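Residue-level structure breakdown
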Amino acid sequence: MDIAFKGKGVQNAIQRIGVISQRYGLTSGKMEAILARFASILRQFDCSATFPIPASALVRSNGMIEKYQQMGIEFAVHGYHHVDHTSLSLPEQLSYFERARRVFESRGLVCNGFRSPYLRWNEATLTALNQAGFLYEGSQGLAWDVVNGVDTASYRHVLNFYGAISATNYPALPRWENGLVRIPYCLPDDEALVDRFHLESGYKMSKLWLAILDKTYALGELFTLGLHPERIELCEAPLIATLQKARALSPAVWIARLDEIARWWVERSHTVVTVTPGEEGELSVSVRGPIGVTILTRGVSTSPPGSEWDGHYQRISANEIFLHCDRRPFIGVSPSSPPDLSDFLRQQGYIVEATDSPMTHTFFVDRPVFRYEDERQLLAQIEGGDFPLVRLGRWPNGARSALCVTGDIDALTIWDYGLRFLGR
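Residues numbered from 1 in each chain as written. Predicted model: local features only at pLDDT ≥ 70, side-chain atom pairs only at ≥ 80, totals over all residues. Heavy atoms only, no water.

The next thing to look at is the overall build of the chain. Within the chain, the secondary structure is distributed over 15 helices and 23 strands. For the chain, whose C-alpha radius of gyration is 23 Å, the value lies close to the compact-globule estimate of 22 Å for 424 residues. By its C-alpha atoms, the chain is 75 × 45 × 40 Å across when sized along the principal axes. Across the 424 residues that make up the chain, the buried fraction comes to 57%. Taking all contacts inside the chain whose residues are at least 6 apart in sequence as the whole, residues at least 24 apart take part in 74%. Working note: accessible area of the chain is about 17,400 Å², and carbon and sulfur atoms make up 51% of it. Taking the average location of the 42 positive side-chain charges in the chain and that of its 47 negative ones, the two points are 6 Å from each other. (Helix = DSSP H or I, 4+ residues; strand = E, 2+ residues; numbered from the N terminus. Rg over C-alpha atoms; globule rule 2.2 N^0.38 Å. Buried < 20%, exposed > 50% of the residue type's maximum accessible area, 1.4 Å probe, protein only. Contact = heavy atoms within 4.5 Å. Areas by Shrake-Rupley, 256 points an atom, 1.4 Å probe, with all protein chains shown as cover. Lys, Arg positive; Asp, Glu negative; His and termini not counted. Charge placed at Lys NZ, Arg CZ, Asp CG, Glu CD.)

Set out below in structure tokens:
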């Protein structure tokens, strides 16, 4: 109970107790009806979702979760118990994660990912997840500056409690490091819309999520739309509005589950790009990667020619192109720059080559220090430039940005919810 009061504030926590019985039933029948409604909306837009659930709640379930996995919904681990993992040691976290995986596997559930309860994690969490064999985790809160006019002290309090960082300073993109793909969780989510901002109008709720979609689309980034299933009745309108707009955009928005996003991020990062010099300064660029990998070019004449993509880039429909450019239209990185810099750029789809000379490439980077907080500024510098560039698309099949619908199933019944406060 103490961690819930810390996260929600005493007043909000007490108010929430009053609505729990409205959102959960004495049996799992109410949650099954909720998931059926959620799944029906997703089918309308030919997409799926990722729902993390505590393993302890899964143990007490009656086969309902397995049914929805067969429908294509992904279920991730939301802890073994719904507890604050920052209060646990590394051995305790590892033990919980291994136990959770065994529970999932015993029920025939594929288990690839994790999100921390309360979005609270520490370095031991990441180490334990890696050792337990998870593909991804999605616990880093990322707050978008879209809340003017509805912001509250309660929302600012919870951002601090979550350890959320600002999307103004940090990109909304996966990060593959130390064998684990880290995927940010976008805020405000449904809890903020309903319990922090107290919005009752579907239009007002939609406005916030559509603003995040606009920003992620313009930047080519990822919108993880957080909607706990028990709030689907309250947040159905903004969910539908967001999915409708995402499906209407061109270039496309890739709507995918978290496991699909994590797997793509790793596979595309393994793409092999071969650049071969030809006659009279011509270059051949050959790409071998996963199905859906896309070549994008700007300011470069190519054979075969590209087609208009976003008014800035051309999309190439082949995996090998020939081009001529006075300087190599790739990212040149000085050997004195840290390896993390080149790794970050390659994960974005840029073709990176080491060079001592700032004159050999159309864009040259020489940074003795490169930190997480430097990433957005560097991306803006590259994408805002008008120099010739050949790169890989960040998302599959020429999509401009990505969207994942995700929300934690904290409990299946009111009894599950009550057991949370006993750490069970």
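That covers the picture; the talk isn't over yet.
With that settled, consider helix H3 (residues 29–44). Between its terminal C-alpha atoms H3 stretches 23 Å, which fits the 22 Å expected from 16 residues at 1.5 Å a residue. Burial in H3 covers these residues: Met31, Ile34, Leu35, Phe38, Ala39, Ile41 and Leu42. Projected down its long axis, H3 carries its buried residues within an arc of 155°, all on one side. Exposed side of H3, more than 90 degrees from the buried face: Arg43 and Gln44 are the residues found there. (Expected span 1.5 Å × (residues − 1). Arc of directions from axis to C-beta.)

Moving on, we get to the packing of helix H6 (residues 90–106) against helix H7 (residues 123–131). Closest axis-to-axis distance for the H6/H7 pair is 9 Å, and the angle between their directions is 40°. What the angle tells us is that H6 and H7 run oblique. For the crossing formed where H6 meets H7, the hand is right-handed. Across the interface between the two elements, Leu90, Gln93, Leu94 and Phe97 of H6 pack against Ala124, Thr125, Thr127, Ala128, Leu129 and Gln131 of H7. (Axes fitted to C-alpha atoms, helices over the stretch in contact; angles between N-to-C directions. Parallel < 35°, antiparallel > 145°, perpendicular 65-115°, else oblique. Left-handed = near helix turned anticlockwise from the far one by under 90°.)

Taking strand neighbours across the sheet as the criterion, the three strands line up as S6-S5-S9 in an open arrangement whose pairing is parallel. Of all strands in the sheet, those bounded by a partner on one side alone are strand S6 (165–166) and strand S9 (185–187). Bridge analysis of strand S5 (residues 141–143) against S9 gives three bridges, and the strand direction is parallel. Looking at S9, one finds that Ala143 is bridged to Leu187. (Pairing = 2+ DSSP bridges.)

Formed by 81 residues in total, the largest nonpolar core has its most connected members in Ile65, Phe75, Phe104, Phe134, Tyr155, Leu239 and Leu243. Ranked by the residues each element gives to this core, the list is headed by H3, at seven residues. Aside from chain neighbours lying at most four places away, what touches Leu239 is Phe38, Ile41, Trp209, Leu225, Leu227, Ile232 and Val405. If you look at the next biggest cluster of nonpolar residues, it comprises 50 residues, including Leu258, Ala262, Ile295 and Val365. (Core = buried A, V, L, I, M, F, W, Y, C linked by side-chain atoms within 4.5 Å.)

Another point: the side chain of Thr406. Within the secondary structure, Thr406 is located in strand S23 (residues 401–406). By relative accessible area, which is 0% here, Thr406 ends up buried. When near neighbours in sequence (up to four residues on either side) are disregarded, Thr406 contacts Thr50, Pro52, Arg115, Tyr185, Thr224, Leu225, Gly226, Leu227 and Leu258.

The next point concerns the environment of His157. As for its position among the elements, His157 is in helix H8 (residues 153–162). Assessed through its relative accessible area of 37%, His157 is described here as partly exposed. In this structure the C-alpha to C-alpha distance between His157 and Arg196, which are 39 residues apart in sequence, comes to 9.9 Å.

Interaxial distance between helix H13 (residues 339–347) and helix H14 (residues 375–383) falls to 12 Å at its minimum, and their mutual angle equals 55°. One finds that H13 runs oblique with respect to H14. Seen from above, H13 lies across H14 with right-handed handedness. Two secondary-structure elements touch here, H13 through Leu341, Phe344 and Leu345 and H14 through Glu375, Leu378, Leu379 and Ile382. Each residue belonging to the contact of H13 with H14 can be placed in one class, and the counts come to six nonpolar, no polar and one charged. (Nonpolar A, V, L, I, M, F, W, Y, C, P; charged D, E, K, R; others polar.)

Another point: H6. Compared with the 24 Å implied by 1.5 Å per residue over 17 residues, the 24 Å span of H6 between its first and last C-alpha is a close match. Among the residues of H6, Gln93, Leu94, Phe97, Ala100, Arg101, Val103 and Phe104 are the ones counted as buried. Its buried side turned inward, H6 meets strand S1 (50–53), helix H4 (55–59), strand S2 (74–77), strand S3 (113–114) and H7. Directly beyond the C-terminal end of H6, a positive phi value near 75° is found at Gly108.

With that settled, the discussion passes to the sheet that holds strand S16 (residues 307–308). The strands that make up a sheet are held in pairs by hydrogen bonds between backbone atoms, and each pair lies either parallel or antiparallel. Strand order in the open sheet formed by four strands is S16-S17-S14-S22, and the pairing between neighbours is antiparallel. Two strands lie at the open edges of the sheet, namely S16 and strand S22 (389–392), each paired on one side alone. Sheet analysis places S16 next to strand S17 (residues 314–316), joined by two bridges and oriented antiparallel. Pairing of Glu308 across the sheet is with Gln314, part of S17.

Here we take up the pairing of strand S12 (residues 272–277). For S12 and strand S13 (residues 282–288), the ladder comprises six bridges, and the chain directions are antiparallel. When the bridges of S13 are listed, Val273 appears paired with Val287. Taking the residues that link successive antiparallel strands as the turn, the S12-S13 hairpin has four residues, and the phi of Glu280 there is positive, at about 50°.

For the coordinates displayed, the defined rule picks out 22 salt bridges. A salt bridge links Arg101 to Glu105, with the shortest nitrogen-to-oxygen separation between them at 4.0 Å. Taken together, the positions of Arg101 and Glu105, both in helix H6 and four residues apart, correspond to about one turn of that helix. Judged by relative accessible area, which is 15%, Arg101 ranks as buried. The salt bridge involving Glu260 is made with Arg257; its shortest N-O contact spans 3.8 Å. Classification of Glu260 by relative accessible area gives partly exposed; the value is 31%. (Salt bridge = Lys/Arg side-chain N within 4 Å of Asp/Glu carboxyl O.)

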